[in-house]
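Chains, contacts and geometry: an overview
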Amino acid sequence: EVLRRIVQEVNTAPDVPSALGLLVRRVRDAMGTEVCSVYLLDEQASPGGAWLHGWDSLRLFSPATWSSIPGWPMPASASTYPTRAEVIDYLSRYEERYQLPVLRPVHVDAVERDGDYLRVRAGERHWRARAVVSATGTWSNPYIPDYPGRAEFAGVQLHSAHYSDPAPFTGQRVMIVGGGNSGAQILAEVSKVAETRWITPEPPLFLADDVDGRVLFERATERWKAQQEGRTVEQPIGGLGDVVMVE
């Protein structure tokens, strides 16, 4: 029951992989270190997760007050929405503040059943655990769909996971594929230096100016609570996959 409540808190945090630190701390406090040893295996060489690889101008789409991991508020940003550098700094300080047991860099190759345990393999090293929580995200395995003529395309083909800034595209013709926030943010800055065309499966939905990540998280939390209580809620159109207008 204790673990169930903790996981509910983690699932509603803005940054799920980093929020695992909360889970580590709460489980150890609730069950005792003698009966519950926990480790976080991180492939990155330093704290920050996927934010280490985001483009230079990337920022959160919710204010710092609504982007905190439970336990310690994110410091106020100089602007409305925290920058990539500010998020990385917060995650680094959060990890240091709570002395989270992180092992890095560790690339997990496989998780296998080993009797009543799970065996986590990483090269020559391995760990046996009763439970494994995977919070790897998708950043390290970007997907570029296949399409006719892809092999013959002689230009640059880049996934947002490998995009850093618009300078390399200055004066070029650039097609940006994807109607989510990543595509919209990249389009906004690349269009200033290049001729652009935006391709999306459906017409993109731009949320109202007063709707940011804070509002979307509130809606998502309300939907989750309603599902747990067996009721339905009426909410405006729009969700986490739609375009949030940030400065």
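What comes next concerns the included structure. For every chain, the first residue of the written sequence is number 1, and numbering continues from 1 onward in sequence order. Two thresholds apply to this predicted model, a pLDDT of at least 70 for residue-level local features and 80 or more for giving and counting side-chain atom pairs, whereas whole-chain, interface and lining totals are computed over all residues. As a rule here, side-chain values come from all non-hydrogen atoms in the structure, and water together with hydrogens is ignored.

**Things to note about the overall build of the protein chain**
Numbering of helices and strands runs from the N terminus; a helix is a DSSP stretch of H or I covering at least four residues, while a strand is a stretch of E covering at least two. Within the protein chain, the secondary structure is distributed over 5 helices and 7 strands. Reading the protein chain from its N end, one meets helices and strands in the order α-α-β-α-β-β-β-β-β-α-β-α. Out of the 247 residues belonging to the protein chain, those deemed buried represent 34%. Only the protein chains shown count as cover for residues, and the accessible areas themselves come from Shrake-Rupley with a 1.4 Å probe. Carbon and sulfur atoms make up 52% of the accessible area of the protein chain, which amounts to about 15,600 Å² in all. The cut-offs for exposure are 20% and 50% of the maximum accessible area for each residue type, with area from a 1.4 Å probe on protein chains only; residues under the lower value are buried, those over the upper are exposed, and the others partly exposed.

**Let's talk about the packing of aromatic side chains**
Pairing of aromatic rings covers Phe, Tyr and the six-membered ring of Trp, with a centre-to-centre limit of 6.5 Å; geometry is then stacked below 30 degrees between planes, edge-to-face above 60, and tilted otherwise. Under the counting rule described, the total for this entry stands at 5 aromatic pairs. Between Tyr163 and Phe169, the ring centres sit 6.3 Å apart and the planes meet at 25 degrees, which makes this aromatic pair stacked. We classify Phe169 as buried; its relative accessible area is 13%.

**Quick look at the sheet that holds strand β5 (residues 125-129)**
In this scheme, strands are said to pair when DSSP sees at least two bridges between them. Spatially, β3-β4-β5 is the arrangement adopted by the 3 strands of the open sheet, whose pairing is antiparallel. If you trace the sheet from one side to the other, it starts and ends with β3 (110-114) and β5, each paired once. Going from strand to strand, the sheet's axes swing by 25 degrees on average, the running direction of each strand aside. Two elements, strand β4 (residues 117-122) and β5, share 5 bridges in a ladder whose sense is antiparallel. Within β5, the residue paired with Arg119 across the bridge is Arg128. Every axis in this analysis is a line fitted to C-alpha atoms, fitted for helices over the stretch in contact. Angles between the N-to-C directions lie between 0 and 180 degrees.

**Brief notes about unusual backbone geometry**
Look at the link from Arg104 to Pro105: it is a cis peptide, with omega at -15 degrees. The residue Pro105 is located in the loop between β2 (102-103) and β3 in this model.

**A closer look at the pairing of strand β6 (residues 173-177)**
Here β6 shows one buried face, formed by Val174 and Ile176, and one open face, formed by Arg173, Met175 and Val177. For crossovers, right-handed means that the path from the first strand over the helix to the second runs clockwise, given strands pointing away from the viewer. Chirality of the crossover, the property in question, places the unit of β6, helix α4 (residues 181-190) and strand β7 (residues 195-199) among those that are right-handed.

**Some words on α4**
Count 3.6 residues to each turn of an α-helix, and residues three or four apart come out pointing the same way. Burial within α4 is extensive, with 8 of its 10 residues counted as buried. Within α4, burial applies to Asn181, Gly183, Ala184, Gln185, Ile186, Leu187, Glu189 and Val190. Note on contacts: a residue pair qualifies if any of its non-hydrogen atoms lie within 4.5 Å across the two residues. Of the surrounding secondary structure, the elements contacted by the buried residues of α4 are β6 and β7.

**Brief notes about a nonpolar patch on the surface**
Nonpolar side chains collect at one region of the surface, where Tyr39, Leu41, Val108, Val111 and Val132 lie side by side and expose about 400 Å² of accessible area between them. Positionally, Val108 belongs in the loop between β2 and β3. Each patch is assembled from residues with relative accessible area greater than 30% and no salt bridge, linking like charges that lie within 9 Å and nonpolar side chains (Val, Leu, Ile, Met, Phe, Trp, Tyr) that lie within 5 Å. Salt bridges, as used here, are contacts in which a Lys or Arg side-chain nitrogen is within 4 Å of a carboxyl oxygen on Asp or Glu.

**Here we look at the environment of Ser57**
Looking at the secondary structure, you find Ser57 in the loop between β1 (40-41) and α3 (84-97). Residue classification places Ser57 among the partly exposed residues on the basis of a relative accessible area of 36%. The spatial distance from the C-alpha of Ser57 to the C-alpha of Ser164 is 8.1 Å, given a sequence separation of 107 residues. Of note is the side chain of Ser57, whose polar atom sits 2.7 Å from the side chain of Glu189. Here a polar contact means two N or O atoms within 3.5 Å. Within protein one must be a hydrogen donor candidate and the other an acceptor candidate, and residues neighboring in sequence count only if both atoms are side-chain atoms.

**Regarding the nonpolar core**
Joining through side-chain atoms within 4.5 Å is the link that ties buried Ala, Val, Leu, Ile, Met, Phe, Trp, Tyr and Cys residues into a set, and such a set is a nonpolar core. Core analysis: the biggest nonpolar cluster contains 24 residues, and Trp51, Tyr90 and Val190 have the highest contact counts within it. Elements with a minimum of two residues in this core: α3, β6 and α4. Ranked by residues supplied to this core, first place goes to α3 with 5 residues. Contact partners of Val190, with chain neighbours within four places excluded, come to Tyr163, Pro166, Phe169, Val174, Ile176 and Thr196.

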